[in-house]
Amino acid sequence: MLVDLGRKPSVGKSTFFKAATLAEVEIASYPFTTIKANHGIGYVKVECIDKEFKTQCNPSHGFCIEHQRFVPIELMDVAGLVPGASEGKGLGNKFLDDLRQADAFIHIVDASGMTNEEGKITENYDPCNDVEFLEDELNKWYYNILIKVWKSFSRKTEMEKSKFSEAVAKQFSGLKVNEEQIKNVLRELNFIEKPSTWSDEQLMKFASALRKESKPMIIAANKVDMEKGKENYEKLKIKFPDLIIIPCSADSELALREAVKKNLIEYIPGEKDFEIVGNVSEKQKQALEKIKKNVLGEFSTGTGVQDVLNSAVFELLKYIAIFPAGANKLSDSKGNVLPDCFLLPSGSTALDFAYFLHTDFGKGFIKAINAKTKRALGKGYELKHRDALEIVVK
Ligand SMILES: Nc1nc2c(ncn2[C@@H]2O[C@H](COP(=O)(O)OP(=O)(O)OP(=O)(O)O)[C@@H](O)[C@H]2O)c(=O)[nH]1
Ligand SMILES: [Mg+2]
């Protein structure tokens, strides 16, 4: 699950969410419009393998347009953050509760520079502040969870390294943090001191690194259609070279998707162009032309909404898309061609995939067959993006 969030209200979180899911949500120019989190289904775009098999797929989840497969993912839209949330102020606790189950965060930043810290209208606000602020707030959230129990479990030591990660994982179990991630962080930080003697600064570093490892963040530099949008997007890129930052106009994507729904245009999400096919009014035509010129013509990532989802799943989280497929038959018992496409962590093996499909497939695994090449593959075969596999079981 991906969560769209912002340091503050009115940056366009709900607009982004609505554009990505077409779920009904409230969008308004006044702050704190969203109070309760919205859940919805968005899609990542994968070049479908049906083309290679010279056929047309029938997805049982998501859809396929011109051999571009749209694979469902869960998205959540949350309320704007209040300062001091990590200490439980205002909606703070509720807000953080909503973030627990996230695999990654999409931080929607208002790159127009026209909303201040509180989401109110202003001019020339530097959106870099928002990135720093939110990272800080999320890191503090982890730090506070850590120090609650720190004394007891660091005193109980000197713990073995493995026991230490087990204890930390337990403390963070509600936040989808696993031992593997803790071990990665320990390796990366490489502190020579024993955990029980860590300084406050070291604890903060550990908490921050763990937050980054378990809830990585991508930046959607939104409202790039506005006057200062592009300039601020460039500024963000320079200031944060290690973050993935995508220029975005959620508003434009929403307008395009709604025009598609009304059969006014033909447009595939993420593409850099669209075609007017219906009867549009002069006003609609002008609005569409403006999007074409100022957004699609200006940024290689189109409106950016699709690119944010794709980058979050495939670059940030490093997932791969895998199609279950018979070596000699691409359809299921109902005749649906390539009905499924699943997202798995990179590094997954043929056996992991078998277990992912069904425990019995894992237990009875004999071999996998690559449906594209018809070659047999062993348990340990490392899956590649867009692989099509049959699992042969006992
Ligand atoms: N120009 C422009 N305006 C946008 C864009 N995205 C959103 N907006 C406008 O920004 C305002 C706030 O949008 P929302 O999506 O409600 O913002 P939010 O972040 O969900 O706000 P809260 O729910 O109050 O936290 C609305 O007036 C939107 O129409 C965009 O890409 N470009
Ligand atoms: Mg909102």
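Heads up: these notes are all about the structure in this document. (Residues numbered from 1 in each chain as written. Chains lettered and ligands numbered in written order. Predicted model: local features only at pLDDT ≥ 70, side-chain atom pairs only at ≥ 80, totals over all residues. Heavy atoms only, no water.)

## A look at the nonpolar core
- Counting 54 residues, the largest nonpolar core has Leu99 and Phe206 as the members making the most contacts within it.
- A per-element tally of this core places helix H3 (residues 128-155) first, with 13 residues.
- What phenylalanine 206 contacts, discounting residues up to four positions off in sequence, is Leu146, Phe164, Val168, Ile182, Val185, Leu186, Leu189 and Trp198.
- Cys48, Ile49, Ala220 and Leu338 belong to the second-largest nonpolar core, a separate cluster that totals 41 residues. (Core = buried A, V, L, I, M, F, W, Y, C linked by side-chain atoms within 4.5 Å. Buried < 20%, exposed > 50% of the residue type's maximum accessible area, 1.4 Å probe, protein only. Helix = DSSP H or I, 4+ residues; strand = E, 2+ residues; numbered from the N terminus. Contact = heavy atoms within 4.5 Å.)

## Some thoughts on unusual backbone geometry
- One non-glycine residue, asparagine 124, lies in positive phi territory at about 50 degrees.
- Tracing the backbone shows asparagine 124 in the loop between strand S5 (104-110) and H3.
- Unlike most non-glycine residues, lysine 176 shows phi in positive territory, near 60 degrees.
- Here lysine 176 lies in the loop between helix H4 (161-171) and helix H5 (179-189).

## Description of the site of ligand 1
- As a matter of local geometry, ligand 1 sits amid 23 residues, with Lys13, Thr15, Thr33, Thr34 and Asp225 nearest to it.
- Valine 11 places a polar main-chain atom, nitrogen or oxygen, 3.2 Å from an oxygen atom of ligand 1.
- Contact with the protein chains covers 89% of the free accessible surface of ligand 1, which is 660 Å².
- Of all elements in the fold, only helix H1 (13-21) and helix H8 (250-261) reach the threshold of two or more residues within the shell around ligand 1.
- Top element by residues in the shell around ligand 1 is H1. It accounts for three residues.
- For the shell around ligand 1, the per-class residue count stands at nine nonpolar, ten polar and four charged. (Near = heavy atom within 4 Å. Polar contact = N/O pair within 3.5 Å; in protein donor to acceptor, adjacent residues only side chain to side chain. Areas by Shrake-Rupley, 256 points an atom, 1.4 Å probe, with all protein chains shown as cover. Nonpolar A, V, L, I, M, F, W, Y, C, P; charged D, E, K, R; others polar.)

## Regarding the packing of aromatic side chains
- The final tally for this structure, using the stated rule, is nine aromatic pairs.
- Centre to centre, the rings of tryptophan 150 and tryptophan 198 are 5.5 Å apart; their planes meet at 15 degrees, and the pair counts as stacked. In this pair, tryptophan 150 is assigned in helix H3 and tryptophan 198 in the loop between H5 and helix H6 (200-214), connecting sequence segments 48 residues apart.
- In this structure tryptophan 150 comes out as buried when scored by relative accessible area, which is 6%.
- Given a relative accessible area of 8%, tryptophan 198 falls into the buried group.
- Between phenylalanine 342 and phenylalanine 356 the ring centres are 5.1 Å apart and the planes differ by 65 degrees, which places this aromatic pair in the edge-to-face class. Of the two residues, phenylalanine 342 sits in strand S11 (residues 342-345) while phenylalanine 356 sits in helix H11 (residues 350-357), which places them 14 residues apart along the sequence.
- Accessibility expressed as a relative area gives 23% for phenylalanine 342, which makes it partly exposed.
- A cation over a ring is seen here: lysine 292 above phenylalanine 274, with NZ or CZ 4.6 Å from the ring centre. (Phe/Tyr/Trp six-rings, centres within 6.5 Å; stacked < 30°, edge-to-face > 60°. Lys NZ or Arg CZ within 6 Å of the ring centre and 35° of its normal.)

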